[in-house]
Amino acid sequence: QVQLVESGGGLVQPGGSLRLSCAASRSIFLFNAMRWYRQAPGKERVLVATIISAGITDYADSVKGRFTISRDTAKNTVYLRMNNLKPEDTAVYYCNAATTRDYWGQGTQVTVSS
């Protein structure tokens, strides 16, 4: 019904940057909110960033000042720009879209290592 396709993950050195993309199969205005989560090995999946339909954003304390969530409505795409990456940012990152139910992307691996 709804597909979310993530891209942009990879291996980066500490202090480096990546931009993740989440392309939706339908207009992102169908969703009340778009979110990025991450899950490190052996850990719970945790919320990283949120953008609501009005464009307001929110971030987990662990990424404030380093990560930025944004959107391009014409491309049905949400982004997560990650700057000053740290080893503890290593995780699988998941895109989430919320309406009357939640939809999830397949996840993209981010590895921060020297």
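Conventions used here
- Residues numbered from 1 in each chain as written.
- Predicted model: local features only at pLDDT ≥ 70, side-chain atom pairs only at ≥ 80, totals over all residues.
- Heavy atoms only, no water.
- Disulfide = S-S within 2.5 Å.
- Helix = DSSP H or I, 4+ residues; strand = E, 2+ residues; numbered from the N terminus.
- Buried < 20%, exposed > 50% of the residue type's maximum accessible area, 1.4 Å probe, protein only.

Visitor: Whenever I open this one, the state of the cysteines confuses me. Can you help?
Guide: A covalent bond bridging the sulfur atoms of two cysteines is what the word disulfide describes. Taken as a whole, this structure holds one disulfide when the rule is applied. Here Cys22 pairs with Cys95 through a disulfide, and the sulfurs are 2.1 Å apart. Across the disulfide from Cys22 to Cys95, rotation about the S-S bond amounts to roughly -80 degrees, and the bridge is consequently left-handed. With Cys22 in strand β3 (residues 18-24) and Cys95 in strand β9 (residues 91-98), this residue pair connects regions lying 73 residues apart in the sequence. Judged by relative accessible area, Cys22 falls into the buried class, the value being 0%. By relative accessible area, Cys95 is classed as buried at 0%.

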